[in-house]
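# Structure assessment
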Amino acid sequence: MEPSATFPAHQADPLMGDGPATIELAIEGMHCQSCVLLIEETLADDPAVRRVVVDLDSARATVTFAPEGMTADAVCATVTALGYPASPLVPGDPGT
């Protein structure tokens, strides 16, 4: 089995130290609001997830979570397991 990549999670406020982390994702395969709701509800069911916003038009999501209970890798894996391949958007990349 190939080792998984570690995706960056960005601290919501670096001056606050430990706190929620936020990851922005590109999500493939969403076609309707039902797709959005499935992703939002599935992620929101995890107690470590603080906030989920999925945008169908841009095919992106922003997920804020407690890093002690969730990882950026797990966020991507959860969305991908639903049938919507997800990958992190890294700040500063031309596609972001």
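What this report covers is the structure whose coordinates are included nearby. All of these numbers come straight from a predicted model, not from anything done at the bench.

## Thoughts on the nonpolar core
Among the nonpolar cores identified, the biggest contains 24 residues, and Leu25, Ile27 and Phe65 are the most heavily contacted of them. Only β2 (21-27), α1 (33-44), β3 (49-55), β4 (60-65) and α2 (72-81) provide two or more residues apiece to this core.

## A word on the pairing of β2
By the criterion of burial, β2 is predominantly enclosed, with five of the seven residues buried. Pairing analysis gives three bridges linking β2 to strand β5 (residues 86-88), with the strands arranged antiparallel. Across the sheet, leucine 25 pairs through a bridge with proline 88, a residue of β5.

## Examining the pairing of β3
Pairing between β3 and β4: six bridges, direction antiparallel. Counterpart to valine 53 in the pairing with β4 is threonine 62. Linking β3 back to β4 in an antiparallel pair, the connection comprises four residues, with alanine 59 at a positive phi of about 55°.

## Brief notes about α2
What α2 keeps buried is the set Ala72, Val75, Cys76 and Val79. Take α2 and look down its axis: the buried residues cluster within an arc of 95°, on one side only. Tucked into the core, α2 has its buried residues touching β2, α1, β4 and β5. Looking one or two residues beyond α2, the residue adopting positive phi is glycine 83, at roughly 100°.

## Some thoughts on the packing of α1 against α2
The contact between α1 and α2 brings their axes to 10 Å, and the two run at 135°. Of the possible angle classes, the one that applies to α1 and α2 is oblique. Where α1 crosses over α2, the two elements pack in a sense that is right-handed. On the side of α1, the interface is formed by Ile39, Thr42 and Leu43, while α2 contributes Val75, Thr78 and Val79. In terms of residue class, the contact of α1 with α2 is built from four nonpolar, two polar and no charged.

Reading the values: the criteria
Residues numbered from 1 in each chain as written. Predicted model: local features only at pLDDT ≥ 70, side-chain atom pairs only at ≥ 80, totals over all residues. Heavy atoms only, no water. Core = buried A, V, L, I, M, F, W, Y, C linked by side-chain atoms within 4.5 Å. Buried < 20%, exposed > 50% of the residue type's maximum accessible area, 1.4 Å probe, protein only. Helix = DSSP H or I, 4+ residues; strand = E, 2+ residues; numbered from the N terminus. Pairing = 2+ DSSP bridges. Arc of directions from axis to C-beta. Contact = heavy atoms within 4.5 Å. Axes fitted to C-alpha atoms, helices over the stretch in contact; angles between N-to-C directions. Parallel < 35°, antiparallel > 145°, perpendicular 65-115°, else oblique. Left-handed = near helix turned anticlockwise from the far one by under 90°. Nonpolar A, V, L, I, M, F, W, Y, C, P; charged D, E, K, R; others polar.

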